[in-house]
Amino acid sequence: MEASIPVIDLLSPGSAGAIADACGSHGFFKAVNHGMDVGIVETLEAEARSFFALPEGDKLSSSADLSKPLGYGCRSIGTNGDVGSVEYLLVSTVNSNSTMPIALCNALDEYMRIVQEVAGRVLVLMAEGLGMKDTDVFRGMVQRNDSDELLRVNHYPHSLRLEAPGSTGFGEHTDPQLMSLLRSNSVSGLQIALLDGTWLPVAPDAESIFINVGDVMQVLTNGRYRSVRHRVVAQAGEGVLSRLSMVYFGGPAPTEWIVPMPNLLQPQDTIFYKGFWWGDYKTAAGRTKLAACRLEPFLLHQLAARETPQSATVLLLNTTTTPE
Ligand SMILES: C=C1C[C@]23C[C@@]1(O)CC[C@H]2[C@@]12CC[C@H](O)[C@@](C)(C(=O)O1)[C@H]2[C@@H]3C(=O)O
Ligand SMILES: O=C(O)CCC(=O)C(=O)O
Ligand SMILES: [Fe+2]
């Protein structure tokens, strides 16, 4: 059967089960009937596009009050030499972005508000799909006062294309947090890695949202939900609309201890991961290259990769191929 992205209606009665299946098989799905306010999404898109159209110097100085790695960035991703044909704005909830255009700040704030609400609903369904009694456990982790939530707006202008068409827009990686919620315009480029290592292009859909499972969720669920490797391949097309995406990352508080959740384990189950504090994991992740397998040091050493097909996926995906 041809591989395809699972599509889930968030309002359907079977959505929790369908989400659990998708998070286990792909670590990724498209959600329809998500209820996000179209006007707020379109306003952020328009404000972000105006911001990205500013001269480089203005963009750099206008976000200079956001300390690295937050703020405006161009080509360089993280601090370890990774580059892509992307410019972006990375903001956290706790930052007051005083020197950015006020309309952009307002649009980011409004978007954060609606994306937190829908991310919360999805996290509840993710817990429900696992049969958890406390269906609020994941939402609770990302919606504490000190939770580590981020919003990133990525723009892939043709002018930044590094080499030939098909070159790196945003290199392959997994997202470190619990889950990410992505919305893009109608320009393609996003691809996800399947269990067998092939890359599956994700058809863009500006009306829908896309959910990624992140590293922390993979650990909390002892590998039942799979942190998906993904990348953006830069598209050709001078004069044509460029890709613009907005991604919410739901991370826990720095003091949250991340370990396979006891109430998801049966006595006979193998525990695949040792625990870590999110704060430490994030600091360590910040020192890695984008494509690194960041969970590798936490995989319990006595486990052979073949014993754990889902949780070992990330480790097995060093060499990936693109389907023709
Ligand atoms: C190369 C890097 C960029 C990143 C921090 C890291 O050292 C490794 C993880 C990267 C990532 C991927 C998902 C998100 O876009 C991001 C904000 C995150 O939390 O982890 C980025 C980091 C970044 O751009 O600083
Ligand atoms: O821009 C995209 O479509 C994906 C970006 C991404 O994976 C990220 O920002 O972590
Ligand atoms: Fe990502």
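Our subject is the structure listed above.
Residues numbered from 1 in each chain as written. Chains lettered and ligands numbered in written order. Predicted model: local features only at pLDDT ≥ 70, side-chain atom pairs only at ≥ 80, totals over all residues. Heavy atoms only, no water.

1. Some remarks on the coordination of the iron ion (ligand 3)
Where we set the bar: Only N, O and S atoms count as donors, using a 2.8 Å limit from the metal and a wider 3.2 Å limit for Na, K and Ca, and since water is excluded some coordination spheres may look unfilled. Residue exposure (1.4 Å probe, protein chains only): buried if accessible area is under 20% of the type maximum, exposed if over 50%, otherwise partly exposed.
Bound to the iron ion (ligand 3) are the protein donor atoms His 173 (NE2), Asp 175 (OD) and His 230 (NE2), situated 2.1 to 2.2 Å from the metal. Donor residues for the iron ion (ligand 3), ordered by position in the chain, follow H-x1-D-x54-H. By relative accessible area, which is 7% here, His 173 ends up buried. For Asp 175, a relative accessible area of 4% corresponds to the buried category.

2. Brief notes about the site of ligand 1
Formally: A single heavy atom is enough: if one lies within 4 Å of a molecule or strand, its residue is considered near that molecule or strand. Within 3.5 Å is the distance limit for a polar contact, defined as a pair of N or O atoms, with the added protein rule that one can donate a hydrogen and the other accept it, and that residues adjacent in sequence qualify only through two side-chain atoms. Using a 1.4 Å probe, the Shrake-Rupley method yields the accessible areas, and only the shown protein chains count as cover for residues. A pocket here means an open set of points on a 1 Å grid, computed over the protein atoms alone, that has protein on both sides within 12 Å along at least five of seven lines. A cavity is instead a set of points where a 1.4 Å probe fits but cannot get out; residues with an atom within 4 Å of a point line either one. What decides whether a molecule sits in a cavity or pocket is whether more than half of its atoms lie within 2 Å of the grid points. Three classes are used, and their members are as follows: Ala, Val, Leu, Ile, Met, Phe, Trp, Tyr, Cys and Pro are nonpolar, Asp, Glu, Lys and Arg are charged, and the others, Gly among them, are polar.
The local shell around ligand 1 holds 17 residues, among which Arg 152, Asp 175, Gln 177, Ala 285 and Thr 288 are the closest. Gly 286 places a polar main-chain atom, nitrogen or oxygen, 3.4 Å from an oxygen atom of ligand 1. Take Thr 288: an N or O atom from its main chain is 3.0 Å from an oxygen atom of ligand 1. Out of a free accessible area of 470 Å², ligand 1 has 93% covered by protein chains. Put simply, ligand 1 lies in the largest pocket. Here the shell around ligand 1 is composed, by residue class, of seven nonpolar, six polar and four charged.

3. A few points about the pairing of strand 5 (residues 148-156)
Let me state the cut-off plainly: Numbering of helices and strands runs from the N terminus, with a helix taken as a DSSP run of H or I at least four residues long and a strand as a DSSP run of E at least two residues long. Strand pairing is assigned whenever DSSP detects at least two bridges linking the two strands.
Counting buried positions along strand 5 yields nine of nine residues, so the element is predominantly enclosed. Across the two faces of strand 5 the burial is the same, with Asp 148, Leu 150, Arg 152, Asn 154 and Tyr 156 and Glu 149, Leu 151, Val 153 and His 155 all buried. Of the strand pairs in this sheet, strand 4 (residues 82-92) and strand 5 are connected by six bridges, and their pairing is antiparallel. Within strand 5, the residue paired with Ser 92 across the bridge is Leu 150.

4. Topic: the sheet that holds strand 7 (residues 179-184)
Heads up, the condition is: An axis is simply a line fitted to the C-alpha atoms; with a helix, the fit covers only the stretch in contact. Between two such axes, the angle follows the N-to-C directions and lies from 0 to 180 degrees.
Taken together, the eight strands give an open sheet; going across it, the order is 1-2-10-7-12-5-4-3, and neighbouring strands pair in mixed fashion. The sheet is open, and its two edges are formed by strand 1 (7-9) and strand 3 (71-77), each paired on a single side. Geometrically, the sheet is characterised by an average inter-axis angle of 25 degrees between neighbouring strands, direction not taken into account. Bridging between strand 3 and strand 4 involves six bridges; their strand directions are antiparallel. Paired with Ser 76 across the strands is Val 83, a residue of strand 4.

5. Some points on the nonpolar core
One recurring pattern in soluble globular proteins is that nonpolar side chains are buried together. For clarity, the cut-off: Grouping buried Ala, Val, Leu, Ile, Met, Phe, Trp, Tyr and Cys residues that are joined through side-chain atoms within 4.5 Å yields what is termed a nonpolar core. In this analysis, two residues are considered to be in contact whenever any of their non-hydrogen atoms come within 4.5 Å of each other.
Among the nonpolar cores identified, the biggest contains 91 residues, and Phe 29, Met 36, Tyr 111, Met 126, Phe 138, Leu 181 and Tyr 248 are the most heavily contacted of them. The biggest single contributor to this core is helix 4 (residues 102-129), with 15 residues. Apart from the residues within four sequence positions on either side, Leu 181 is in contact with Met 36, Val 115, Val 118, Ala 119, Ile 209, Phe 210, Ile 211, Met 246, Val 247 and Tyr 248.

6. Structural notes on the packing of aromatic side chains
Worth spelling out the cut-off: Here is the rule: rings of Phe, Tyr and Trp (six-membered ring for Trp) pair when centre to centre is within 6.5 Å. Planes less than 30 degrees apart are stacked, more than 60 are edge-to-face, and the remainder are tilted. Any Lys NZ or Arg CZ found within 6 Å of a ring centre and within 35 degrees of that ring's normal is scored as a charge over the ring.
With the rule as written, the count across this model stands at nine aromatic pairs. Taken together, a centroid distance of 5.8 Å and an interplanar angle of 20 degrees make the contact between Phe 28 and Phe 210 stacked. Within this pair, whereas Phe 28 is found in strand 2 (residues 28-32), its partner Phe 210 is found in strand 10 (residues 209-213), the two being separated by 182 residues in sequence. With respect to burial, Phe 28 and Phe 210 carry one shared label: buried. Ring centres 5.9 Å apart and planes at 70 degrees place the aromatic pair Phe 51 and Tyr 72 in the edge-to-face group. Remark: Tyr 72 occurs in strand 3 and Phe 51 occurs in helix 2 (residues 38-52); sequence separation between them is 21 residues. With a relative accessible area of 3%, Tyr 72 lands in the buried category. One aromatic cluster is present, formed by Phe 276, Trp 278, Tyr 281 and Phe 298 through successive ring pairs. The residue whose ring lies beneath Arg 152 is Tyr 88, and the NZ or CZ to ring-centre distance is 4.1 Å.

7. A word on the site of ligand 2
In the vicinity of ligand 2 lie 13 residues, with Asn 154, Tyr 156, His 230, Arg 243 and Ser 245 positioned nearest. Here an oxygen atom of ligand 2 and a side-chain polar atom of Tyr 156 are 2.5 Å apart. His 173 is positioned with one of its side-chain polar atoms (N or O) 3.1 Å from an oxygen atom of ligand 2. Considering ligand 2 on its own, with 300 Å² of exposed area, one finds that the protein chains cover 98% of that surface.

8. Regarding unusual backbone geometry
The backbone of Asn 33 sits at a positive phi, close to 55 degrees, despite the residue not being glycine. Looking at the element boundaries, Asn 33 is found in the loop between strand 2 and helix 2. Judged by relative accessible area, which is 44%, Asn 33 ranks as partly exposed. The residue Arg 75 is not glycine, and still its phi comes out positive at about 70 degrees. As for its placement among the helices and strands, Arg 75 is situated in strand 3.

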